[in-house]
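Topology and contacts: notes
If you want the building blocks of each chain, they are given just below.
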Amino acid sequence: SLELPKLKQFRETLETDAEFLCTLEELDHYPARTGVTYYGPFVKTGSGAKLDWNKGARKRIFTYVRPGTVFFNATVNALLRLPSDHDVIIVAPGIAEAIVSKVQKPNVRFSNGPVRLDRLTRDCDLAINHASAGICSVLALAGVPMLMLPNHVEQLMFARAVGRAGLGRGMIGKPEE
């Protein structure tokens, strides 16, 4: 037994002595927050597949989009239409190999699992993603501009914070196919 005092109300479980925020102050969902310490994000960028940009690419675009989401097809189709001097890496967790083999091009490569972001962010010109806190924090720290395609409220709030910081733009709604 821990011999702790009994709680009078469940909300007491949320009361703390201090707030420990693992984000960047510039990316806080609630920018008017005061009296807190920002410890920065806890992210891991050195694991996953080791992909490098194609030499001679004029523009390098890193994309993290989940198959089955509202923006997936429109995003991939748009990227496939880019000129061959644009190098595109698309991370699409769970994408079927049959789809990849049909659409992959020398300048458009797919990964269905994690990739080493520390290798890609150094020379990345644009990142397209769903506005998840981890990946946006890595991209923001690397100075990579973002186009965000949020799928739910939490991602929408993060996309707004990234936009307020001047680091990217978010899109909402259903894309035209």
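Small disclaimer: the values here were computed from a predicted structure and weren't measured.

Okay, the overall build of the protein chain next. A count of helices and strands for the protein chain gives 5 helices and 8 strands. Order of helices (α) and strands (β) in the protein chain, N terminus to C terminus: β-β-β-α-β-α-β-α-β-α-β-α-β. The contacts of the protein chain with a sequence gap of at least 6 include a subset with a gap of at least 24, amounting to 55%. Of the roughly 11000 Å² of accessible surface on the protein chain, a fraction of 54% belongs to carbon and sulfur atoms.

Turning our eyes to something else, we now look at the sheet that holds strand 3 (residues 59–64). Read across the sheet, 6 strands follow the order 5-4-3-6-7-8 without closing on themselves; strand pairing throughout is parallel. In this open sheet, the two edge strands, each paired with only one partner strand, are strand 5 (108–111) and strand 8 (168–170). Here the average twist between neighbouring strands, direction ignored, is 15°. Bridge analysis of strand 3 against strand 4 (residues 86–91) gives 6 bridges, and the strand direction is parallel. Its bridge partner lying in strand 4, Ile-61 is registered against Val-88.

By the definition in use, this model includes 1 aromatic pair. Both rings, one in Phe-20 and one in Tyr-39, keep their centres 4.1 Å apart while their planes meet at 25°; by these two values the pair is stacked. Of this pair, Phe-20 sits in strand 1 (residues 20–21) while Tyr-39 sits in the loop between strand 2 (37–38) and strand 3, placing them 19 residues apart in sequence. Taking the relative accessible area as the measure of exposure, Tyr-39 reaches 43% and is therefore partly exposed.

What follows covers unusual backbone geometry. A positive phi angle is found at Glu-3, which is not glycine, with a value near 55°. Examined against the element boundaries, Glu-3 turns out to sit in the segment before strand 1. The backbone of Ala-131 shows a phi angle near 70°, a positive value even though the residue is not glycine. Note that Ala-131 resides in the loop between strand 6 (126–129) and helix 4 (133–142).

Rules used in this analysis
Residues numbered from 1 in each chain as written. Predicted model: local features only at pLDDT ≥ 70, side-chain atom pairs only at ≥ 80, totals over all residues. Heavy atoms only, no water. Helix = DSSP H or I, 4+ residues; strand = E, 2+ residues; numbered from the N terminus. Contact = heavy atoms within 4.5 Å. Areas by Shrake-Rupley, 256 points an atom, 1.4 Å probe, with all protein chains shown as cover. Pairing = 2+ DSSP bridges. Axes fitted to C-alpha atoms, helices over the stretch in contact; angles between N-to-C directions. Phe/Tyr/Trp six-rings, centres within 6.5 Å; stacked < 30°, edge-to-face > 60°. Buried < 20%, exposed > 50% of the residue type's maximum accessible area, 1.4 Å probe, protein only.

Without other data, these values stay purely geometric and don't point to any function.
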